[in-house]
Amino acid sequence: MEKEYEFIVKFKPKVSWADDIFLGNLLAEALGNIARNTGYFDFEVRKLEEKKE
């Protein structure tokens, strides 16, 4: 039986140029390195829809 876990990660950029694309790519790269080096998991990074207020 294969389990899946979901986490929500919130970024609060401290520089104006760090947008959602940059931060998503950074997260995917970091997780990709850990996944390749350990072989412990596969992963998927998706951007959540923004809330309309």
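Here the structure is a predicted model, which means the values were calculated and not measured.

Rules behind the numbers
Residues numbered from 1 in each chain as written. Predicted model: local features only at pLDDT ≥ 70, side-chain atom pairs only at ≥ 80, totals over all residues. Heavy atoms only, no water. Patch = residues over 30% accessible without salt bridge, like charges linked within 9 Å, V, L, I, M, F, W, Y side chains within 5 Å. Areas by Shrake-Rupley, 256 points an atom, 1.4 Å probe, with all protein chains shown as cover. Salt bridge = Lys/Arg side-chain N within 4 Å of Asp/Glu carboxyl O. Helix = DSSP H or I, 4+ residues; strand = E, 2+ residues; numbered from the N terminus. Buried < 20%, exposed > 50% of the residue type's maximum accessible area, 1.4 Å probe, protein only. Phe/Tyr/Trp six-rings, centres within 6.5 Å; stacked < 30°, edge-to-face > 60°. Contact = heavy atoms within 4.5 Å.

Structural notes on a nonpolar patch on the surface
Step number 1: Taken together, the side chains of Tyr 5, Phe 7, Val 9 and Phe 11 present a nonpolar region at the surface, about 520 Å² in accessible area.
Step number 2: With respect to the helices and strands, the residue Phe 7 is situated in the segment before helix 1 (20-38).
Step number 3: Residue Phe 7 is classed as exposed on the basis of its relative accessible area, which comes to 73%.

Quick look at the packing of aromatic side chains
Step number 1: Tallying each qualifying case throughout the model produces two aromatic pairs.
Step number 2: Look at Trp 17 and Phe 22: their rings are 5.2 Å apart centre to centre, the planes differ by 75°, and that puts the pair in the edge-to-face class.
Step number 3: With relative accessibility at 56%, the residue Trp 17 sits in the exposed group.

What about the environment of Leu 31?
Step number 1: Here Leu 31 lies in helix 1.
Step number 2: Owing to a relative accessible area of 26%, Leu 31 belongs among the partly exposed residues under this scheme.
Step number 3: Linking Leu 31 and Lys 10, residues 21 residues apart in sequence, is a C-alpha distance of 15 Å.
Step number 4: If we ignore the near neighbours within four places in the chain, the residues touching Leu 31 are Phe 41, Phe 43 and Val 45.

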